[in-house]
Amino acid sequence: MNILYIHGIKVQVISDDNSLYKFIKKSFPYFQNKVDTTFKLDVTLKLHEIINPDIKSINLTKIGNGVFLSSKKLLLCSGLYVYEVFKEKNRLSLTVYTQDRKSLYGKTKLFIKSNFVAIDYYNVVRHTIILPILWILSRYFNIFTLHGSAVEINGSGYSFVGLAGIGKSINSIYYAMDKKNKFLSDNYLLYDENHIYPFPEWIRMVGKTEEILPNINEFLLKSNLSRYGKKYYQIPNDSISQKIRPKILLFPCLGNSCSLLKINDDIAMDRIILSKNHVREFPEHTFIGLLDYFFEFTHSKYELEMKVLKTFLEKNDIYLFTLDKSASLDENKLFLMNEIKKYEEN
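Throughout what follows, the structure given in this document is the object of discussion. (Residues numbered from 1 in each chain as written. Predicted model: local features only at pLDDT ≥ 70, side-chain atom pairs only at ≥ 80, totals over all residues. Heavy atoms only, no water.)

1. Focus: the packing of helix α1 (residues 18–27) against helix α4 (residues 121–140)
Then comes step 1: Where α1 meets α4, the closest approach of the two axes is 10 Å, and the angle between their N-to-C directions is 65°. Put simply, α1 runs roughly perpendicular to α4. Judged by the twist between their axes, the crossing of α1 over α4 is right-handed. Two secondary-structure elements touch here, α1 through Ser19, Leu20, Phe23 and Ile24 and α4 through Tyr121, Tyr122, Val124, Val125 and Ile129.
Then comes step 2: Across the contact of α1 with α4, the residue classes tally to eight nonpolar, one polar and no charged. (Axes fitted to C-alpha atoms, helices over the stretch in contact; angles between N-to-C directions. Helix = DSSP H or I, 4+ residues; strand = E, 2+ residues; numbered from the N terminus. Parallel < 35°, antiparallel > 145°, perpendicular 65-115°, else oblique. Left-handed = near helix turned anticlockwise from the far one by under 90°. Contact = heavy atoms within 4.5 Å. Nonpolar A, V, L, I, M, F, W, Y, C, P; charged D, E, K, R; others polar.)

2. Examining helix α11 (residues 329–345)
Then comes step 1: Taking 1.5 Å per residue as the helical rise, α11 with its 17 residues ought to reach 24 Å, and the 24 Å between its terminal C-alpha atoms agrees with that figure.
Then comes step 2: For α11, the full list of buried residues reads Leu329, Asn332, Leu336, Glu339 and Ile340. Down the axis, α11 shows its buried residues gathered within 105° of arc, on one side only. Exposed residues on α11 whose side chains face more than 90 degrees from its buried face are Asp330, Leu334 and Glu345.
Then comes step 3: Where α11 is buried, its residues contact β10 (156–161), α5 (168–176), α6 (209–212), β17 (246–255), β18 (259–262) and β19 (317–324). (Expected span 1.5 Å × (residues − 1). Buried < 20%, exposed > 50% of the residue type's maximum accessible area, 1.4 Å probe, protein only. Arc of directions from axis to C-beta.)

3. Re the pairing of strand β4 (residues 61–64)
Then comes step 1: As paired strands, β4 and strand β5 (residues 67–69) are joined by three bridges and run antiparallel to one another. What sits directly across from Lys62, in β5, is Phe68.
Then comes step 2: With antiparallel pairing between neighbouring strands as the criterion, β4 and β5 make up a hairpin whose turn holds two residues, including Gly66 at a positive phi of roughly 70°. (Pairing = 2+ DSSP bridges.)

4. Notes on α5
Then comes step 1: With nine of nine residues buried, α5 is to be regarded as a mostly interior element.
Then comes step 2: By the burial criterion, the buried members of α5 are Lys168, Ser169, Ile170, Asn171, Ser172, Ile173, Tyr174, Tyr175 and Ala176.

5. Structural notes on the sheet that holds strand β6 (residues 73–78)
The strands making up a sheet associate through backbone hydrogen bonding, with each pair oriented either parallel or antiparallel.
Then comes step 1: On the basis of which strands lie adjacent, the open sheet formed by eight strands has the order β1-β2-β3-β8-β7-β6-β5-β4 and mixed pairing. Only two strands of the sheet have a single partner each, and these edge strands are β1 (2–6) and β4. Each adjacent strand pair in this sheet contributes to an overall mean axis angle of 20°, direction not counted.
Then comes step 2: Relative to strand β7 (residues 81–88), β6 runs antiparallel, the two sharing six bridges.

6. Notes on the packing of α5 against α11
Then comes step 1: For the pair α5 and α11, the least separation of the axes is 12 Å and the interaxial angle reads 80°. By the angle between their axes, α5 is roughly perpendicular relative to α11. Across the interface between the two elements, Ile170, Asn171, Tyr174 and Tyr175 of α5 pack against Leu329, Asp330, Lys333, Leu336 and Met337 of α11.

7. With respect to unusual backbone geometry
Then comes step 1: Phi angles above zero are rare outside glycine, and Asn90 is one such case at about 55°.
Then comes step 2: You can see Asn90 is positioned in the loop between β7 and β8 (91–99).
Then comes step 3: According to the relative accessible area criterion, Asn90 is partly exposed, its value standing at 34%.
Then comes step 4: Its identity is not glycine, yet Arg280 carries a phi of approximately 55°, on the positive side.
Then comes step 5: Looking at the secondary structure, you find Arg280 in the loop between α8 (265–279) and α9 (291–294).

8. Remarks on the pattern of salt bridges
Then comes step 1: For the structure shown, the criterion picks out 15 salt bridges.
Then comes step 2: A salt bridge links Lys56 to Glu84; the nearest nitrogen and oxygen atoms lie 3.4 Å apart. With Lys56 in helix α2 (residues 53–56) and Glu84 in strand β7, this residue pair connects regions lying 28 residues apart in the sequence.
Then comes step 3: Put simply, Lys276 and Glu284 hold a salt bridge, and the shortest N to O gap is 3.2 Å.
Then comes step 4: Accessibility expressed as a relative area gives 8% for Lys276, which makes it buried.
Then comes step 5: A network of salt bridges, in which partner residues are shared, links Arg126, Glu201, Arg204 and Glu281. (Salt bridge = Lys/Arg side-chain N within 4 Å of Asp/Glu carboxyl O.)

This is the structure we're talking about:
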């Protein structure tokens, strides 16, 4: 059994696949130290057990395609897998099976995947552990998520937010490589009204990363994980920050020269929502978002998320930061810090 402690949640993971068990343990080195928790997430992965969802859905009410519900149980049929969810007070139990197929085409596809295609452990971890955690944090702890990365610089939180492919990961790693700074998160930036929370996971890097950051292999932990042309790394625990108060929020983009333009909170909120919806890697964009049908809340969590986001943005100075694509990261950093200092002096 893998046991993790993630921002007030005790996560217990059981798997019948020893290789998957080892991968899960390797995926969360930062969250293995025991701390106090108030919520439990139990995940049982039975990916080698093929079940018929029609049998599992007996006595359940169908509320959508592949979605079945009762007062005690939620059944979700999504892609290759069937997700069976039970709830108790301050506890969520999730069991994942492989879904049996009815058609000849479906059975043939399942046979090929089961016998000749390796299980994508990274994808399994994301959908069965990370996304449920993010959902629980938002629904029970008022800790929400946006698409971005964050680092601690001089004791304050600096966030890089926006669409994919504009250097959020590279910049967060670059700044964290300075021993005076600390890493907080990449891809999933966790925040509440007052803090940014650490959430280190696998760091995805494209092929040119080692050219841009030649010392990256001295900083990041080595890994053999590679998917779709991207290499994956991990941050050493001693380079990860505790939760930190936010100070600067940047929307980076690439251009022919450096510039820094201060923008207001309303523009920032729209950009954050747009980038989150465009990336579509969050609980509300997957079957995990349907847990809202299962749990009864007395007020709108989406309305609360906007309230918390607005308060969080008020704690930041927000800028549109254009990086000079022909300049080095050192040169861009020097420009950024000098310009921020000018804004603060004025």
